[in-house]
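Overview (structure and organization)
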Amino acid sequence: MCWCFTSFTWPLPEKSSPEKLFAALFYQMALSFVTDAMVVFESGLFALTLLVAILGICAKLGIVSPLVVADRGLELLSAAFIFCVLVTLALYVSGRSSSDKSSSLKPHVSGNLVHDWWFGIQLNPQFLSIDLKFFFVRAGMMGWLLINLSILAKSVQDGSLSQSMILYQIFCALYILDYFVHEEYMTSTWDIIAERLGFMLVFGDLLWIPFTFSIQGWWLLHNKVELTVPAIVANCFVFLIGYMVFRGANKQKHIFKKNPKTPIWGKPPVVVGGKLLASGYWGIARHCNYLGDLMLALSFSLPCGISSPVPYFYPIYLLILLIWRERRDEVRCAEKYKEIWAEYLRLVPWRILPYVY
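What this report covers is the structure whose coordinates are included nearby. (Residues numbered from 1 in each chain as written. Predicted model: local features only at pLDDT ≥ 70, side-chain atom pairs only at ≥ 80, totals over all residues. Heavy atoms only, no water.)

**Comments concerning the overall build of the protein**
Applied cut-off: Strands here are runs of E lasting at least two residues and helices are runs of H or I lasting at least four, both read from the DSSP assignment and numbered beginning at the N terminus. The buried label applies to any residue whose accessible area, calculated with a 1.4 Å probe on protein chains only, is under 20% of its type's maximum; exposed applies above 50%, and partly exposed to all values in between. Contacts: residue pairs with any heavy atoms within 4.5 Å of one another.
From N to C terminus, the protein includes 16 helices and four strands. Every one of the 357 residues in the protein was classed for burial, and the buried ones make up 51%. A sequence separation of at least 24 residues applies to 77% of the contacts in the protein between residues at least 6 apart.

The following block contains the structure:
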């Protein structure tokens, strides 16, 4: 929750210095660790509900302003960036000194300082028994929601609330809530399984997710877009299909990893070499979940219309990222599964986009 708490619970003067913003960030990071430790056996949804309830009560009582993020977004972004740099340097130093031999904590040192700092040294480093990788992802998703809520409050105050803003807010809120409901599925994703925790992931979680994924909201705050009924229906259709593919594919993969014999779409799963799922969404295309994710990202931008490319930065960036990640995963799987992977490619030749790519 880190900087998300900072935005609302630390009283900021009219002209906040970077030092005070960073002090607030560091202070609230400690508080968020305590909060996460208290709910370590609860779901992320419980933590999110608790956070929003506390902030809502504080806003109602006049203790904090719900507009603080919308009014000081750039300052918070700068403080979050500095925080990411310092945290990842600490992770690097801690990882270098670790003698743990477990797969999640064993240090992987290449000798290149920049490379090791960027990609990380340990797979799942911990602090006070809290998995930092999960903690930072949770903080980023909560931050995204809180930025959106602050933008929504600002648009209401300014009298600029539009159908486009409401549609964008609904789609994002549903996506974020769904993430916390199905947070367990994160355990079978590429980030958790393969990526070590370095600047790339920490920056992505604490800064890129909340501030980049909310670009459409910032844009709509200053640009009014009126959508036609067919446009709204089409936008909802893109969101629902994207959600069905994204959530369905991730759910099938997660269930398969827990019990490889669980039926997929009512039929026994097709399994290659006893390890690779080749039925359901995963029998249609490799990384079909990426297609769903891209459709969801597009649905967040469509409410902004087509007058500017700015709101489409997120889906364009995501397209590049997922193609790069898919290729990295292809190489990793080819090395890991060898002849089994070759058989899987024969059964499932399409990548991300069925019958096209």
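**Brief notes about the nonpolar core**
For clarity, the cut-off: Residues belong to a common nonpolar core when they are buried Ala, Val, Leu, Ile, Met, Phe, Trp, Tyr or Cys residues joined through side-chain atoms within 4.5 Å.
Counting 68 residues, the largest nonpolar core has Phe136, Met141, Trp144, Val202 and Phe300 as the members making the most contacts within it. Those residues in contact with Met141 that sit more than four places away from it in its chain are Tyr175, Ile176, Tyr179, Phe180 and Ile209. Residues Leu276, Ala278, Cys288 and Cys333 belong to the second largest nonpolar core, which totals 18 residues.

**Examining helix α11 (residues 215–222)**
Counted residue by residue, α11 has six buried out of eight residues, so it is predominantly covered. If you check which residues of α11 are buried, you get Gln216, Gly217, Trp218, Trp219, Leu220 and Leu221.

**Topic: the packing of aromatic side chains**
Defined as follows: Between 30 and 60 degrees the pair is tilted, below 30 it is stacked and above 60 it is edge-to-face, where a pair is any two Phe, Tyr or Trp rings, Trp via its six-membered ring, whose centres lie within 6.5 Å. A ring has a charge above it when a Lys NZ or an Arg CZ is no more than 6 Å from the ring centre and no more than 35 degrees off the ring normal.
Going through the model one piece at a time under the given rule, you end up with 23 aromatic pairs. Feature note: the residues Phe81, Trp117, Trp118, Phe199, Phe203, Trp208, Phe313 and Tyr317 constitute an aromatic cluster, connected by ring pairs. The positively charged end of Arg328 is found above the aromatic ring belonging to Trp324, 4.4 Å away from the centroid.

**Concerning a nonpolar patch on the surface**
For clarity, the threshold we go by: Nonpolar side chains (Val, Leu, Ile, Met, Phe, Trp, Tyr) within 5 Å and like charges within 9 Å form the patches, drawn only from residues with over 30% relative accessible area and no salt bridge. Note on areas: Shrake-Rupley with a 1.4 Å probe; residue coverage comes only from the protein chains shown. The term salt bridge refers to a pairing of a side-chain nitrogen on Lys or Arg with a carboxyl oxygen on Asp or Glu at a separation within 4 Å.
Residues Trp265, Ile284, Leu353, Tyr355, Val356 and Tyr357 make up a contiguous nonpolar surface patch of roughly 650 Å² in combined accessible area. Looking at the element boundaries, Tyr355 is found in the segment after α16 (339–347).

**Digging into unusual backbone geometry**
The phi torsion at Trp265 lies on the positive side, around 55°, for a residue other than glycine. Relative to the elements of secondary structure, Trp265 occurs in the loop between α12 (229–258) and β3 (271–272). Positive phi outside glycine occurs at Tyr355, with the angle close to 65°.

**Thoughts on the packing of helix α7 (residues 132–158) against helix α8 (residues 163–181)**
Rule in force here: What counts as an axis is a line fitted to C-alpha atoms, over the stretch in contact for a helix, and the angles between N-to-C directions run from 0 to 180 degrees. Small angles under 35 degrees read as roughly parallel and large ones over 145 as roughly antiparallel, with 65 to 115 read as roughly perpendicular and the rest as oblique. Here is the rule for handedness: rotate from the far helix to the near one, and if that takes an anticlockwise turn smaller than a right angle the crossing is left-handed, while a clockwise turn gives right-handed. For this classification, the nonpolar set comprises Ala, Val, Leu, Ile, Met, Phe, Trp, Tyr, Cys and Pro, the charged set comprises Asp, Glu, Lys and Arg, and every other residue, Gly included, is treated as polar.
It is at 10 Å that the axes of α7 and α8 come closest, and there the two elements cross at 160°. Considered as vectors, α7 and α8 are oriented roughly antiparallel to each other. Between α7 and α8 the crossing geometry is left-handed. Contacts between α7 and α8 involve Val137, Arg138, Met141, Met142, Trp144, Leu145, Asn148, Leu149, Ile151, Leu152 and Ser155 from the first element and Met165, Tyr168, Gln169, Cys172, Ala173, Tyr175, Ile176, Tyr179 and Phe180 from the second. Here the contact of α7 with α8 is built from residues that sort into 16 nonpolar, three polar and one charged.

**Quick word on the environment of Cys236**
With respect to the secondary-structure elements, Cys236 resides in helix α12. The class of Cys236 is partly exposed, set by a relative accessible area of 26%. Measuring from C-alpha to C-alpha, the distance between Cys236 and Pro303 comes to 9.9 Å, with 67 residues separating the pair along the chain. Other than its neighbours up to four places away in sequence, Cys236 contacts Leu167 and Phe171.

**Examining the environment of Leu294**
Counting through the fold element by element, Leu294 comes out in helix α14 (residues 288–301). Classification of Leu294 as buried rests on a relative accessible area of 16%. In the structure, Leu294 is positioned 58 residues away from Ile352 in sequence and 10.0 Å away in space, judged by C-alpha atoms. Among all residues touching Leu294, those that are not within four sequence positions of it are Pro315, Leu318, Leu319 and Leu322.

**Here's the deal with the pattern of salt bridges**
Following the criterion strictly, the structure yields eight salt bridges and no others. Across the pair Glu75 and Arg72 runs a salt bridge, and its minimum N-O distance is 3.8 Å. We classify Glu75 as partly exposed; its relative accessible area is 27%. In this structure, Lys224 and Glu226 form a salt bridge, with 3.7 Å as the shortest nitrogen-oxygen distance. Across this residue pair, the class does not change: Lys224 and Glu226 are exposed.

**A few points about the state of the cysteines**
Just so we agree on the cut-off: A pair of cysteine sulfur atoms is labelled a disulfide when the two atoms are within 2.5 Å.
Per the counting criterion, the structure on display carries zero disulfides. Cys172 takes part in no disulfide bond, and the closest cysteine sulfur, belonging to Cys304, lies 9.5 Å away.

**Quick notes on empty space enclosed by the protein**
Put simply, the rule is: As defined here, a cavity is a set of points on a 1 Å grid over the protein atoms alone where a 1.4 Å probe fits but cannot get out. A pocket is an open set with protein on both sides within 12 Å along at least five of seven lines, and residues line them when an atom is within 4 Å of a point. Grid points are joined across faces, edges and corners, and a volume is the space filled by probe spheres set on the points.
The final tally for this structure, using the stated rule, is one cavity of 30 Å³ or more. Taken as a whole, the largest cavity spans an internal volume of roughly 50 Å³. Looking at the lining of the largest cavity element by element, the count peaks at three residues for helix α5 (residues 73–97). For the lining of the largest cavity, a count of residues per class yields six nonpolar, four polar and one charged.

**A word on the packing of helix α3 (residues 44–60) against α7**
Where α3 meets α7, the closest approach of the two axes is 11 Å, and the angle between their N-to-C directions is 40°. Considering the angle they form, α3 stands oblique to α7. Helix-helix and strand crossings are classified by hand; for α3 and α7 the assignment is right-handed. On α7, the residues touching Gly44, Ala47, Leu48, Leu51, Val52 and Leu55 of α3 are Arg138, Met142, Leu145 and Leu146.

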